Amino acid sequence: MIPTLATPDSSVPFVADGYRYISSTCDRIGSDAFRTRLMGRPVVCIRGAEAARLFYEGGRFDRAGAMPPSVLHLLQDVGSVQTLEDDSHRHRKGGFLALLTAGGDERMADLFAVELEAAIARWRGGDPVVLHDELGPILARTAFRWAGIPDIPEKEFHARTGELAAMVERAGTFGPLNWAARLGRHRTERWATRLIVAVRDGRVVPPAGSPLEALARWTGDDGLPLPEDVAAIELLNLLRPTVAVVRLVEFAALALSERPVHRDTVAEDPAAAARFAHEVRRRTPFFPIIAGRVRRPFSWREADFAEGDWVMLDLYGTNHDARLWPDPDRFDPDRFLTADPRHIVAQGGGDYLEDHRCPGESATNAIIAAGVRVLARASWQAEPGQDLRVTWSEMPAKIRSGLRLRFA
Ligand code: HEM
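Residues numbered from 1 in each chain as written. Predicted model: local features only at pLDDT ≥ 70, side-chain atom pairs only at ≥ 80, totals over all residues. Heavy atoms only, no water.

Caption draft 1: Main features of the side chain of Ser210. Inspection of the secondary structure assignment puts Ser210 in the loop between helix 9 (176–200) and helix 10 (211–216). A polar contact is formed between the side chain of Ser210 and the backbone oxygen of Pro207, at a distance of 2.7 Å. Setting aside residues up to four positions removed in sequence, Ser210 forms contacts with Ala147 and Gly148. (Helix = DSSP H or I, 4+ residues; strand = E, 2+ residues; numbered from the N terminus. Polar contact = N/O pair within 3.5 Å; in protein donor to acceptor, adjacent residues only side chain to side chain. Contact = heavy atoms within 4.5 Å.)

Caption draft 2: Quick look at the packing of aromatic side chains. This model, assessed by the stated rule, comprises 17 aromatic pairs. Between Phe14 and Tyr21, the aromatic rings sit 6.1 Å apart at their centres with planes inclined by 90°, giving edge-to-face as the arrangement. Among the residues examined, Phe14 registers a relative accessible area of 12% and is labelled buried. Classification of Tyr21 as buried rests on a relative accessible area of 8%. Consider the rings of Phe276 and Phe331, whose centres lie 5.0 Å apart with planes at 70°: the pair is edge-to-face. A residue pair is termed long-range when its members are at least 10 positions apart, and Phe276 in helix 13 (residues 270–283) and Phe331 in the loop between helix 14 (315–318) and helix 15 (361–377) qualify at 55 residues. For the pair formed by Phe276 and Phe331, the shared burial category is buried. Each member of the aromatic cluster is reached from another via a ring pair, and the members are Phe55, Tyr56, Phe61, Phe298 and Phe305. Directly above the ring of Trp392 sits Arg20, whose terminal nitrogen or CZ lies 4.1 Å from the centroid. (Phe/Tyr/Trp six-rings, centres within 6.5 Å; stacked < 30°, edge-to-face > 60°. Buried < 20%, exposed > 50% of the residue type's maximum accessible area, 1.4 Å probe, protein only. Lys NZ or Arg CZ within 6 Å of the ring centre and 35° of its normal.)

Caption draft 3: Region of the structure containing the coordination of the iron atom of the ligand. On the protein, Cys358 (SG) is the one donor atom to the iron atom of the ligand, at 2.3 Å. Locating Cys358 in the fold gives a position in the loop between helix 14 and helix 15. (Donors = N, O, S within 2.8 Å, 3.2 Å for Na, K, Ca; no water.)

Caption draft 4: The arrangement of the sheet that holds strand 8 (residues 310–314) in detail. Ordered in space as 1-2-8-5-3, the five strands form an open sheet in which the pairing is mixed. Whereas interior strands pair on both sides, the edge strands pair on one side only; in this sheet they are strand 1 (33–38) and strand 3 (61–62). The pairing of strand 3 with strand 5 (residues 289–294) spans two bridges and is antiparallel. The partner of Phe61 across the bridge, within strand 5, is Val294. Helix-sheet contacts for helix 2 (residues 21–29) involve strand 1, strand 2 (41–46), strand 5 and strand 8, and the interaxial angle to strand 1 is about 130°. (Pairing = 2+ DSSP bridges. Axes fitted to C-alpha atoms, helices over the stretch in contact; angles between N-to-C directions.)

Caption draft 5: Fine view of the environment of Gly104. With respect to the secondary-structure elements, Gly104 resides in helix 6 (residues 104–123). For Gly104, a relative accessible area of 10% puts it in the buried group. Along the primary structure Gly104 and His356 are separated by 252 residues, whereas in three dimensions their C-alpha atoms are 19 Å apart. When neighbours within four sequence positions are excluded, Gly104 is seen to be in contact with Leu99 and Trp146.

Distances and angles like these do not, on their own, reveal function.
See the structure below:
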C-alpha cells in the first residue's frame, strides 16, 4: 500500500525544501512512497534504489507532460531525445552514446584540463577569482571545441555562454526570470539551427569526425535527416549540460579546499580523482527529482498505477539513502573502492541505451576528475570571510559566494 498524506497539497513545503522534502516525508511516515498533490495535481513520490529501478527500467514511464513547460522548454524542449521512447529513443540515443563514450568523454575532459590550466596561469598572483563566474566560459569553450564548432566572435561567444548557463540556472524559477531565460534559449536555438543548415549545405566545414559533423548528418528512425530545428535542439543537448558541469566542479573545488588531505592523492592518482568525482556527483544538490508519467498500467507494492499517473523519483534523497550509502552525509571518495558508481542516480538510472540515463555521465565524471587534478596541483586557497553556505531553496543549489579563490 502507498499511504496518502493528510495535507491536501504539498506544493509549499516542496518548493521550500525541494531537495529534502520527499526523503524527510518518507522518513516521517516510514514508507518509500506516498501520494500527495503538487499544484493541485495528484502525484506519487518515491525514493530509494528499488524505486529508481522501477522508475528507470522496463519503459514504464515517459516524460510527456511530466515536467512543467517552464522546465521542459529550458532543459530539453519538444522533439529531443528525452521526449522519445522505444525504437526512436534507442536510435537517437545511440548517436549520443557514440559521441560521449569510447574516448569522446576523455577528449572532453582533456580539453577542459587544458583550458583550466591556461586560466590558472592567468589568475596566478592576481586578484581572487569567483570560480563560478570563471568556469562558465571555460566549460563553454571546452564544449564548443569538443563539438567542432568554428570560432565565433568573442561577444557572441559570451552571449551564447550566458544563455546556455541560464537554461539550467533558471529551470527552477517561474515568472520573469524564467521567461527571460526562455527568450535566450530561442536565440541559442536559432543560432544552432543556422549552424546545422550551414554545415548541411557546406558553408561551414567542421573538423572531420567531430560531433558537429556527425550530428548534422543524424537521421530519424525513418532514415530521413532530422529536421534542422530538432538537430539544433540536440546540439544544445551537448552544449548546455556541459556548461552545467560548472556547479559540480565548483562543489569539487570546495570539497578539495575543505579536505586538503585528498590533494596529493588526487593529483597523483587518476583513479583516486575519478572516485573523488563520483563522490561529488553523489553528494552535490543538482536536480532534486525527475518526473514521469505512467505509459501502461502496472502494480508495485500492492498499489495500482494507471496510465497517465504522475510519479516523481527523488534523486537527491536516493543518493543519500543510508541503506545504499552508509553514513551518506560523509564525504568519502574511498567508498567507491567497493561501491558501484552506477548506483548514483544524480544523472538518472537504468541502462544508457534502453532508458533515459544521462549519456554524458562518464564525460561529467571525467571533467570533474580532470578539474580536481588540475586544482590539486595548483597553489591556491579559498578567500577568508566568504559565504560558503549552500542555498538549498534554489534548484540547482549554489554556493552563495560562488567560491572566491586566490591563486599564488
Ligand atoms: C551537470 C551534469 C549533469 C547532470 C546533473 C545531468 C543530469 C541528467 C539527468 C538526471 C538525466 C535523466 C533525465 C530523465 O530521466 O529523463 C539526464 C539525461 C540526459 N543528459 Fe545529462 N546530466 C549532466 C551532464 C550531461 C552532459 C555533459 C551531457 C552531454 C554532453 C548530457 C546529456 C544528456 C542527455 C542528451 C540526456 C537525455 C537522455 C535520454 O533521454 O535518454 N548530460 N542528464
